[in-house]
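# Geometric and topological summary
Spelled out from the first residue to the last, the chains are:
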Amino acid sequence: MMKSMVAAGALAIAVTVAGGAQAQSYLSDWGIADMRQAVIAAGATVAREDNSKDPYIAATTASGLKFTITGRVCDGVDGAKRCKGALLQTSFTMDSDAEVDEAIKEYGPKFAATAVSNDGSKGLLVSRYLIFDYGVHRDNLRLNLQVFTGIAEDIWGEI
């Protein structure tokens, strides 16, 4: 009987600790430090960050692709805001808006995990919006960054 109670107690402690550790792995919102960690885990480097208003990070992948992450739906004081959304973006300058429109027709349907659009200045804009409502696992955030940069690098390599 005593062994059963000790085993049950040990199991309860293990479940509680595992639950607490798992809860820390989920982000219900994000700040600069969280996103910096995810960018680095995704294999990119942070080139610049700004936390004076809504969080903003400029980053570069190992192959040289430059992209930005901007906070959306942010709360808190400037310098310590937490955001429920993240907009990932990169753009590629092309020779004409007609060339951009052709690229949109080609890459828009091909890469449904991103939005491909015309930035209005002869640029092909590639973006992905992440929603943190109900929590995003840190590994999933890293994976989302890798999916975005992987698609953007594929487009970059073809244009």
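Residues numbered from 1 in each chain as written. Predicted model: local features only at pLDDT ≥ 70, side-chain atom pairs only at ≥ 80, totals over all residues. Heavy atoms only, no water.

### Some thoughts on the overall build of the protein chain
- Helix and strand counts for the protein chain come out as four helices and eight strands.
- Across the protein chain, helices and strands are ordered from the amino to the carboxyl terminus as α-β-α-β-β-β-β-α-β-β-β-α.
- Counting all 159 residues of the protein chain, 35% fall into the buried class.
- Pairs at least 24 apart in sequence give 57% of the contacts found in the protein chain among residues at least 6 apart.
- Accessible surface, the protein chain as shown: approximately 8,900 Å² in total, 56% of it carbon and sulfur. (Helix = DSSP H or I, 4+ residues; strand = E, 2+ residues; numbered from the N terminus. Buried < 20%, exposed > 50% of the residue type's maximum accessible area, 1.4 Å probe, protein only. Contact = heavy atoms within 4.5 Å. Areas by Shrake-Rupley, 256 points an atom, 1.4 Å probe, with all protein chains shown as cover.)

### Some words on helix α3 (residues 97–110)
- If you check α3, its first and last C-alpha atoms are 20 Å apart, about what 14 residues at 1.5 Å a residue would give, namely 20 Å.
- Residues of α3 that are buried make contact with β6 (115–118), β7 (123–131) and α4 (138–158). (Expected span 1.5 Å × (residues − 1).)

### Points about the sheet that holds strand β5 (residues 82–93)
- Spatial strand order, β2-β3-β4-β5-β7-β6: six strands in an open sheet with antiparallel pairing. Two strands in the sheet have a free side with no partner beyond their single neighbour: β2 (45–50) and β6. Taking each pair of neighbouring strands and ignoring which way they run, the sheet shows an average axis angle of 25 degrees.
- The sheet contact formed by strand β4 (residues 66–75) and β5 spans seven bridges and is antiparallel. The partner of D75 across the bridge, within β5, is R82.
- α3 rests against β6 and β7 of the sheet, and its axis sits at about 165 degrees to β6. (Pairing = 2+ DSSP bridges. Axes fitted to C-alpha atoms, helices over the stretch in contact; angles between N-to-C directions.)

### Here we look at the environment of G79
- By secondary structure assignment, the location of G79 is in the loop between β4 and β5.
- Contacts of G79, omitting those with residues within four sequence positions, involve N51, S52 and K53.

### Describing the pairing of β2
- Across five bridges, β2 lies against strand β3 (residues 56–60) in antiparallel orientation. If you follow T45 over to β3, its bridge partner there is T60.
- Taking the residues that link successive antiparallel strands as the turn, the β2-β3 hairpin has five residues.

### With respect to the environment of K122
- Looking at the element boundaries, K122 is found in the loop between β6 and β7.
- Linking K122 and V100, residues 22 residues apart in sequence, is a C-alpha distance of 6.4 Å.
- Discounting chain neighbours no more than four positions away, the residues touching K122 are F92, T93, M94, D95, S96, D97 and V100.

### A closer look at the environment of H137
- Among the structural elements, H137 can be located in strand β8 (residues 136–137).
- By relative accessible area, which is 23% here, H137 ends up partly exposed.
- When the C-alpha atoms of H137 and S28 are compared, they prove to be 8.9 Å apart, with 109 residues separating the residues in sequence.
- Those residues within four positions of H137 in sequence are excluded, and the remaining contacts are S25 and Y26.

### What to know about the packing of aromatic side chains
- Inspection of the entire model under this criterion finds two aromatic pairs.
- Taking the centre distance of 6.1 Å and the plane angle of 65 degrees together, the rings of F67 and F148 count as edge-to-face. Within this pair, whereas F67 is found in strand β4, its partner F148 is found in helix α4, the two being separated by 81 residues in sequence.
- The exposure class assigned to F148 is buried, which follows from its relative accessible area of 0%.
- Between the aromatic rings of Y107 and F111, the centroid separation amounts to 6.2 Å while the plane-to-plane angle is 20 degrees, which identifies the pairing as stacked. (Phe/Tyr/Trp six-rings, centres within 6.5 Å; stacked < 30°, edge-to-face > 60°.)

Just geometry here; none of it tells us what the structure is for.
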